[in-house]
Amino acid sequence: MSVAPMRLVNLDYAASTPLRPEAIEAMRAYDISEIAGANPNSLHSLGRRAAQALDAARRDIARSLGTGVRPAEVVFTNGGTEADALALFGIAESARSRDHRRTRVITSAIEHEAILDNLAQLKRRGFTVDILKPGTHGIIEPGTLDAAMGDDVALVSIMFANNETGAVQPVGELAQIAHSHGAYFHTDAIQGYLHAPIDVSVLRVDALSLAGHKVGASVASGALYLRRGVPFEPLIRGGGQEAGRRAGTQDVRSALVARTLSPRLDEDHARVLSLSGRLYERLLESPRIHATLPDLVHTDRLPGIVSILVDGCESEELILQLDVR
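The structure reproduced in this document is the subject of the present report. Quantities reported herein were computed from a predicted structural model and do not represent experimental measurements.

## A few points about the overall build of the protein
For the protein, the count of helices and strands is eleven helices and nine strands. Its C-alpha atoms give the protein a radius of gyration of 21 Å, within 12% of the compact-globule value 20 Å for 325 residues. Dimensions along the principal axes, computed over C-alpha positions, put the protein at roughly 65 × 55 × 35 Å. With 325 residues in all, the protein has 48% of them scored as buried. Counting contacts in the protein only where the partners sit at least 6 residues apart, residues at least 24 apart contribute 67% of the total. Accessible surface computed for the protein: about 16,700 Å², of which carbon and sulfur atoms make up 53%. With 34 positive and 40 negative side-chain charges, the protein shows a separation of 6 Å between the mean positions of the two kinds.

## Description of the pattern of salt bridges
The final tally for this structure, using the stated rule, is 15 salt bridges. Ionic pairing is found between Arg-271 and Asp-268, a salt bridge with its closest N-O pair at 3.7 Å. Of this pair, Arg-271 and Asp-268 both sit in helix 10 (residues 265-283), separated by three residues, roughly a single helical turn. Look at the salt bridges and you will find they share partners, linking Glu-93, Arg-96 and Arg-125 into a network.

## Looking at the packing of aromatic side chains
Two measures describe an aromatic ring pair: the distance that separates the ring centres and the angle between the ring planes. The full count for this structure, using the stated rule, is zero aromatic pairs. Here the guanidinium or amino end of Arg-96 rests over the ring plane of Phe-127, the centre of that ring lying 4.0 Å away.

## A look at the pairing of strand 1 (residues 74-77)
One face of the sheet, then the other: side chains in a regular strand alternate in exactly this way. Of the two faces of strand 1, both are covered, the one formed by Val-74 and Phe-76 as well as the one formed by Val-75 and Thr-77. Bridge count between strand 1 and strand 7 (residues 222-226): four bridges; the pairing is antiparallel. The residue bridging Val-75 from the neighbouring strand is Leu-224, located in strand 7.

## What about the sheet that holds strand 7?
Taking strand neighbours across the sheet as the criterion, the seven strands line up as 1-7-6-5-4-2-3 in an open arrangement whose pairing is mixed. The two strands at the open ends of the sheet, each matched to only one other strand, are strand 1 and strand 3 (128-132). The sheet shows a mean angle of 20° between the axes of neighbouring strands, taken without regard to direction. One ladder, built from three bridges, connects strand 2 (residues 104-108) with strand 4 (residues 153-157); its direction is parallel. From the neighbouring strand, Ile-106 faces strand 4, where its bridge partner is Val-156. Relative to the sheet, helix 3 (residues 80-98) contacts strand 1, strand 2, strand 4, strand 5 (184-188), strand 6 (207-211) and strand 7, its axis offset from that of strand 4 by approximately 160°.

## Things to note about the nonpolar core
Ranked by internal contacts, the top residues of the largest apolar core, which has 58 residues, are Leu-65, Val-156, Phe-160, Phe-185, Val-205 and Leu-208. Beyond its immediate sequence surroundings of up to four residues, Val-156 is in contact with Ile-106, Leu-145, Met-149, Ala-178, Tyr-184, Phe-185 and His-186. Among the nonpolar cores identified, the runner-up in size contains 24 residues, and Ala-87, Ile-115, Val-129 and Tyr-184 belong to it.

## With respect to the environment of Tyr-225
One can find Tyr-225 in strand 7. Residues in contact with Tyr-225, not counting those within four places in the same chain, are Leu-65, Val-69, Glu-73, Val-200, Val-205, Asp-206, Ala-207 and Leu-208.

## With respect to the side chain of Gln-241
Within the fold, Gln-241 resides in the loop between strand 7 and helix 9 (252-257). According to the relative accessible area criterion, Gln-241 is buried, its value standing at 10%.

## Here we look at the side chain of Ser-254
With respect to the helices and strands, Ser-254 occurs in helix 9. In terms of polar contacts, Ser-254 uses its side chain to reach the side chain of Asp-251, at 2.6 Å. Ignoring any residue separated from it by four or fewer positions in sequence, one finds Ser-254 in contact with Ser-218 and Ser-221.

## Notes on unusual backbone geometry
For Arg-204, which is not a glycine, the phi torsion comes out positive at approximately 60°. Relative to the assigned elements, Arg-204 resides in the loop between helix 8 (200-203) and strand 6.

## Focus: the environment of Ala-50
Along the polypeptide, Ala-50 turns up in helix 2 (residues 45-64). For Ala-50, a relative accessible area of 0% gives the class buried. Not counting the four nearest positions on each side in its chain, Ala-50 is found in contact with Ile-35, Ala-38, Asn-39, Pro-40 and Val-252.

Reading guide: rules and limits
- Residues numbered from 1 in each chain as written.
- Predicted model: local features only at pLDDT ≥ 70, side-chain atom pairs only at ≥ 80, totals over all residues.
- Heavy atoms only, no water.
- Helix = DSSP H or I, 4+ residues; strand = E, 2+ residues; numbered from the N terminus.
- Rg over C-alpha atoms; globule rule 2.2 N^0.38 Å.
- Buried < 20%, exposed > 50% of the residue type's maximum accessible area, 1.4 Å probe, protein only.
- Contact = heavy atoms within 4.5 Å.
- Areas by Shrake-Rupley, 256 points an atom, 1.4 Å probe, with all protein chains shown as cover.
- Lys, Arg positive; Asp, Glu negative; His and termini not counted.
- Charge placed at Lys NZ, Arg CZ, Asp CG, Glu CD.
- Salt bridge = Lys/Arg side-chain N within 4 Å of Asp/Glu carboxyl O.
- Phe/Tyr/Trp six-rings, centres within 6.5 Å; stacked < 30°, edge-to-face > 60°.
- Lys NZ or Arg CZ within 6 Å of the ring centre and 35° of its normal.
- Pairing = 2+ DSSP bridges.
- Axes fitted to C-alpha atoms, helices over the stretch in contact; angles between N-to-C directions.
- Core = buried A, V, L, I, M, F, W, Y, C linked by side-chain atoms within 4.5 Å.
- Polar contact = N/O pair within 3.5 Å; in protein donor to acceptor, adjacent residues only side chain to side chain.

So, in structure tokens, the structure goes:
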């Protein structure tokens, strides 16, 4: 009697998602089009058509970020990590140039490495860095940030939602606190983009990072929302692309995929929240398994992330054991 092969199921969508069928089709259509490989910064007709396609994708991303977002406020990048670095260094350096007292950056201990691994470089550039710790519910409390603020803060960078626990941060309140002290506010929304409602006019952030591969688009595609009027010192020069904020020929192919990312937030959010709730219930039947967020019912969290700890088992060991089985 033959035994059916075991089917491997990828549950690691928090790290990266497979390409959506619409994204694959959009890239195929580009590959056989006349503008395939055309430089959107060229003056000839193919270049102008490529630029028009790029602008259309920029408009779509702007609309996905809420009402009133201008396409010119969207800067294409080579992924979310670059978007985070551009915001971190570009805004902090420019804020300090405008006001030499602004030599401090505040972030949190729950940030992605795309932020945390750049802090040493910030210090080498002469900034002081404060790292805030979350409360028991996995969020940075507004009072904690307010107590750390001062007239020397150039930038506050707190993520929109944590990539391990799924806890959604009170970004709107945190941004308001930063602004009340004259500082700018950036949020890494890479994990939450198109998985939870995001409207920058409500959040009132000055900058926001996103990445395509978290939502079914291609790897090495991303963008930075940079509110008009926010001081910014570009890290990459050498061509003047993206209105001088990020040099380098844009990837029209990846940008066009953005046009396929039509979110169904209300439908998907409720459906996935129900699934994750059921999974939590089953998992927590074991006395050895505990939710890392203590109050799942009242905690604002991304529905697609189920975060647990297992007594007597390190996370790396658990991942390897699950992979084997």
